[in-house]
Amino acid sequence: MIAFVLQRLAQAVVVMLAVALVAFSLFRYVGDPVINMVGQDTPEEERIRIREQLALDQPVVVQYFRFVQQIVSGNFGTSLRTGIPIGQLMAERLPATLELAIVAGIFALAVGLPMGVYTGLYPRSRLSNAFLTLSLLGVSLPTFLIGIMLILFFSVMLGLLPSFGRGDVVHLGPWSTGLLSASGLQSLIMPAITLGMFQLALIMRLVRAEMLEVLRTDYIKFARARGLTNRAVNFGHALKNTLIPVITIVGLQLGALIAFSIITESVFQWPGMGLLFLQAVQFADIPVMAIYLVLIGFLFVLINLIVDLLYYVVDPRLRVDVRAGRGG
Amino acid sequence: MTDRPNAPLLEVRSLRVEFETRRGPLVAIDDVSFSIAPGEVLGVVGESGAGKSLTGTAIIGLLEPPGRITAGEILLAGRRIDNLPYEAMRRIRGREVGAIFQDPLTSLNPLYRVSDQLIETIRTHLPMNEKEARARALQLLQEVGIPGAAERLDHYPHQFSGGMRQRVVIALALAAEPKLIIADEPTTALDVSIQAQIITLLKRLCREHGTAVMLITHDMGVIAETADRVAVMYAGRIAEIGPVRKVVQEPHHPYTVGLMGAIPNLGHDVAALTQIEGSMPRLNAIPPGCAFNPRCPKVFDRCRVDRPDPMPVGGSDVACWLYGEGR
């Protein structure tokens with residue numbers, strides 16, 4: 001178990017170094033930062049001084065490791081556009097994006113899982129067919145279209161929900177949350193549904209396919225032959241066996257929710273990291289883009305690590321294999 | 001109905017199972033009747049697709065759609081069970097009729113400890129608390145001969161070998177002391193050396209508990225060793241049924257004769273094992289008359305027209321016109 005965690009951590013470090021390299025190369029290939037920083041009439045000695053001060057005269061490898069070192073020590077640099085330290089900028093935006101992604105994920109799971117179980121148990125029922133048709137829409141409709149239609153219907157026509165923004169936020173130390181105010185919750189509904197719709201359809205179809213598969217297995221037949229109740233068979237024996245692939249997908253999709261909330265955030269003008277990134281792209285704010293990239297990479301790696309550990313909780317076969325030193 | 005001492009435990013009367021398909025119904029089991037007395041071991045043999053397993057599945061009420069019972073009845077201790085609602089039948093499964101399936105490697109849920117699966121089964125049927133059920137689970141594991149049962153109780157299925165898993169499966173089937181066990185090819189997936197152990201174990205346990213067994217297999221050796229009576233199935237029908245000694249030593253139905261001739265015998269020098277020409281008909285192409293007639297060496301005109309019902313011949317019941325009147 002410990003060997004496994006260490007191994008995964010080592011892999012995570014390698015992945016993060018690679019992500020940092022890509023982020024770093026943004027600086028190298030999107031123009032000379034010194035030119036961006038100084039005026040046209042800055043004398044050459046001044047430019048050289050700045051270049052030395054920023055260590056831009058050092059070999060690329062050294063610069064890369066300085067970049068990594070700075071990130072690791074929590075110094076993310078300064079936004080070129082606003083002049084605000086990027087760490088502060090991210091800290092303001094991160095709660096909004098995380099709340100949106102997690103609520104969207106919970107929504108997708110809480111609705112998608114039961115729908116998937118139902119369609120797996122009763123594949124021929126009408127309700128199942130209706131769910132499947134809906135899920136097809138969920139998978140195929142583009143996110144922005146769902147968002148705009150929701151705004152049109154619930155904000156413009158019915159006037160029930162706010163069409164943009166985050167509503168009132170409550171500050172809990174460094175964390176700003178929209179979950180504690182009525183307007184914050186109202187504002188969250190449509191973006192979360194928009195962002196979670198695709199995942200919902202995905203989870204439902206995945207759970208359904210897995211349920212159909214598991215229900216055909218011998219151990220389900222044997223469980224029925226032992227006279228266990230339907231509830232015990234369907235939810236105890238069958239559902240638990242479908243969970244491993246579901247955990248994988250949900251974990252990966254949570255990373256995707258955070259990374260690809262850009263579109264949803266832009267449709268609903270949600271003040272999260274995705275919107276920050278879009279604004280950074282428009283202004284060629286390279287440090288912000290680079291740090292965004294690193295941060296998203298970090299979240300992905302972190303979530304994957306947690307997913308790997310969850311396998312151990314669910315599947316006893318993995319636990320024993322490692323203990324016996326068989327592994328692999 | 002009352003429980004007479006000699007009343008059969010299980011009685012299957014004119015059972016017919018059909019599969020609804022787009023091209024009309026396929027008859028998989030046709031007019032099958034037999035009975036099992038309390039404590040008796042009935043062997044059911046036949047080729048793959050003869051309807052052996054399906055008969056067992058029909059008895060425990062787990063036919064999967066589109067398969068369904070379209071005629072006949074199944075009685076357990078005089079009570080009709082083929083038309084019970086799902087919940088009533090669920091209470092009978094495991095409690096009164098247990099089942100063991102072919103592959104012990106896949107019969108146990110990989111995510112639950114053996115103790116969890118045993119305790120769950122015991123508590124579903126018997127009024128026991130967790131602690132009592134656990135004690136019974138341990139006792140069952142000891143009874144099926146798992147060494148170090150106390151320690152093995154909390155292991156997961158993948159920590160057991162194939163033979164040990166089949167022992168666990170048997171413990172699970174016996175957990176609520178059913179009166180009848182349907183054992184569907186319980187040894188086919190196991191090593192030959194383990195097969196004998198499992199069969200001996202099953203036989204001993206059922207004798208001790210007075211449990212009747214419907215032993216489905218295509219291994220005549222297992223039947224000869226274990227069963228009291230044997231039913232030979234062919235194309236969804238019973239060809240011959242009788243005491244095991246009779247059927248093995250003096251088979252009457254040409255199909256049974258062929259089956260016995262195909263078993264190698266170490267005691268005698270035989271130039272070549274006999275083999276039955278051709279193969280069993282598909283369900284959608286069962287010939288009129290006797291289903292065996294295209295392969296039968298002794299076929300005559302009547303076999304191609306009339307279907308024979310089982311008739312008593314020397315202690316057995318044989319469905320063959322060779323023994324019919326008017327011959």
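Residues numbered from 1 in each chain as written. Chains lettered and ligands numbered in written order. Predicted model: local features only at pLDDT ≥ 70, side-chain atom pairs only at ≥ 80, totals over all residues. Heavy atoms only, no water.

Asker: Is there a simple way to think about the overall build of chain B in this case?
Answerer: Of the regular secondary structure elements, chain B holds 11 helices and 12 strands. The C-alpha radius of gyration computed for chain B amounts to 21 Å, which stays within 12% of the reference 20 Å derived for 327 residues, consistent with globular compactness. Principal-axis analysis of the C-alpha atoms gives chain B an extent of 65 × 50 × 45 Å. When each of the 327 residues of chain B is scored for burial, the buried share is 50%. (Helix = DSSP H or I, 4+ residues; strand = E, 2+ residues; numbered from the N terminus. Rg over C-alpha atoms; globule rule 2.2 N^0.38 Å. Buried < 20%, exposed > 50% of the residue type's maximum accessible area, 1.4 Å probe, protein only.)

Asker: Where do I start with the sheet that holds strand S5 (residues 79-80) of chain B in this structure?
Answerer: For sheets, the rule is that strands pair by backbone hydrogen bonds, running either parallel or antiparallel. Residues and elements named next belong to chain B. With antiparallel pairing, four strands are arranged side by side in an open sheet as S2-S1-S4-S5. Strand pairing shows two members of the sheet lacking a second neighbour, strand S2 (24-36) and S5, which therefore form its edges. As paired elements, strand S4 (residues 67-76) and S5 share two bridges and run antiparallel to each other. In the sheet register, leucine 76 faces S5, and the bridge partner there is arginine 79. Relative to strand S1 (residues 10-21), helix H1 (residues 52-59) is tilted by about 105°, and along the sheet it contacts S1, S2 and S4. (Pairing = 2+ DSSP bridges. Contact = heavy atoms within 4.5 Å. Axes fitted to C-alpha atoms, helices over the stretch in contact; angles between N-to-C directions.)

Asker: I would appreciate a short explanation of the sheet that holds strand S10 (residues 237-243) of chain B in the present structure.
Answerer: All names here are of chain B. Taken in spatial order, the eight strands of this open sheet run S6-S7-S8-S3-S9-S10-S12-S11, and their pairing is mixed. Edge positions in the sheet fall to strand S6 (97-100) and strand S11 (311-313), since each has one partner strand and no second. Adjacent strand axes in the sheet meet at a mean angle of 20°, parallel and antiparallel pairs treated alike. Alignment of strand S9 (residues 229-234) against S10, held across six bridges, turns out to be antiparallel. Bridge assignment links alanine 231 to a residue of S10, and that residue is isoleucine 241. Where helix H7 (residues 162-174) meets the sheet, it contacts S6 and strand S7 (180-184), and its direction lies at approximately 170° from that of S6.

Asker: Just checking my understanding: could you explain the packing of helix H4 (residues 114-125) of chain B against helix H5 (residues 130-143) of chain B for this structure?
Answerer: Think of two packed helices as two axes; the pair is described by the angle between the axes and how far apart they sit. Residue and element names in this part refer to chain B. Interaxial distance between H4 and H5 falls to 9 Å at its minimum, and their mutual angle equals 115°. It follows from the interaxial angle that H4 and H5 lie roughly perpendicular. In this structure, H4 crosses over H5, and the sense of that crossing is right-handed. Across from Val114, Ser115, Leu118, Ile119, Ile122 and Arg123 in H4, the residues of H5 making contact are Glu130, Ala133, Arg134, Arg136, Ala137, Leu140 and Leu141. Across the contact of H4 with H5, the residue classes tally to eight nonpolar, one polar and four charged. (Parallel < 35°, antiparallel > 145°, perpendicular 65-115°, else oblique. Left-handed = near helix turned anticlockwise from the far one by under 90°. Nonpolar A, V, L, I, M, F, W, Y, C, P; charged D, E, K, R; others polar.)

Asker: Even after reading the chapter, I still don't get the interface of chain A and chain B, so can you show me in this structure?
Answerer: Bring the parts together and some accessible area is lost; that lost area is often taken as the interface size. Contact with chain A, which involves 22 residues of that partner, is made by 29 residues of chain B. Across the chain A/chain B interface, buried area totals approximately 2,500 Å², and carbon plus sulfur atoms make up 59% of it. Contact with chain B buries area across many residues of chain A, yet Phe222, Ala225 and Arg226 of chain A alone supply 26% of it, more than any other trio. Seen at the junction of chain A and chain B, the total is zero salt bridges. Taken together, the connections running from chain A to chain B amount to 13 residue pairs in polar contact (both at pLDDT 80 or more). Elements represented by at least two residues in the side of chain A that touches chain B include exactly helix H9 (218-225), helix H10 (230-259) and helix H14 (316-323) of chain A. Looking at side-chain class alone, the side of chain A that touches chain B contains eight nonpolar, six polar and eight charged residues. (Buried area = accessible area lost by both parts, 1.4 Å probe. Salt bridge = Lys/Arg side-chain N within 4 Å of Asp/Glu carboxyl O. Polar contact = N/O pair within 3.5 Å; in protein donor to acceptor, adjacent residues only side chain to side chain.)

Asker: Got a minute to help me understand the domain arrangement of chain A in this structure?
Answerer: Residue and element names in this part refer to chain A. Each assigned domain of chain A is listed here: domain 1 (2-72) and domain 2 (87-323). For domain 1 versus domain 2, the distance between C-alpha centres works out to 34 Å. The interface is formed by 16 residues belonging to domain 1 together with 14 residues belonging to domain 2. Buried area between domain 1 and domain 2, both sides added, is near 1,300 Å², and the carbon and sulfur share of it is 90%. The largest contributions to the domain 1 side of the interface with domain 2 come from Phe4, Met16 and Leu26, which together make up 36% of the buried area. Across the domain 1-domain 2 interface, the total number found is one salt bridge. Note that aspartate 308 is salt-bridged to arginine 8, the shortest N-O span being 2.1 Å. Where domain 1 touches domain 2, the interface holds one residue pair in polar contact (both at pLDDT 80 or more). Every element with two or more residues in the side of domain 1 that touches domain 2 is listed here: helix H1 (2-29) and helix H4 (60-72). Element by element, the count of residues in the side of domain 1 that touches domain 2 is highest for H1, at 13 residues. For the side of domain 1 that touches domain 2, the class distribution of residues is 15 nonpolar, no polar and one charged. (Domains from an automatic or database assignment.)

Asker: Help me out: how do you make sense of the packing of aromatic side chains in this one?
Answerer: Each aromatic ring pair is described using two quantities: the centre-to-centre distance and the angle formed by the ring planes. Going through the model one piece at a time under the given rule, you end up with 11 aromatic pairs over all chains. Ring centres of tyrosine 234 of chain B and phenylalanine 292 of chain B lie 5.1 Å apart, and the angle between their planes is 85°; this geometry places the pair in the edge-to-face category. Placement of the pair is tyrosine 234 of chain B in strand S9 and phenylalanine 292 of chain B in the loop between helix H11 (254-261) and S11, with a sequence separation of 58 residues. Since its relative accessible area comes to 4%, tyrosine 234 of chain B is described here as buried. Here phenylalanine 292 of chain B falls in the buried class, since its relative accessible area comes to 3%. Taken together through their ring pairs, the aromatic side chains of Phe24, Tyr64, Phe65 and Phe67 of chain A make up a single cluster. The cationic tip of lysine 240 of chain A hangs over the ring face of tyrosine 112 of chain B; the distance from NZ or CZ to the ring centre is 4.8 Å. In this structure, arginine 302 of chain B packs its charged tip against the face of tryptophan 321 of chain B, placed 3.6 Å from the ring centre. (Phe/Tyr/Trp six-rings, centres within 6.5 Å; stacked < 30°, edge-to-face > 60°. Lys NZ or Arg CZ within 6 Å of the ring centre and 35° of its normal.)

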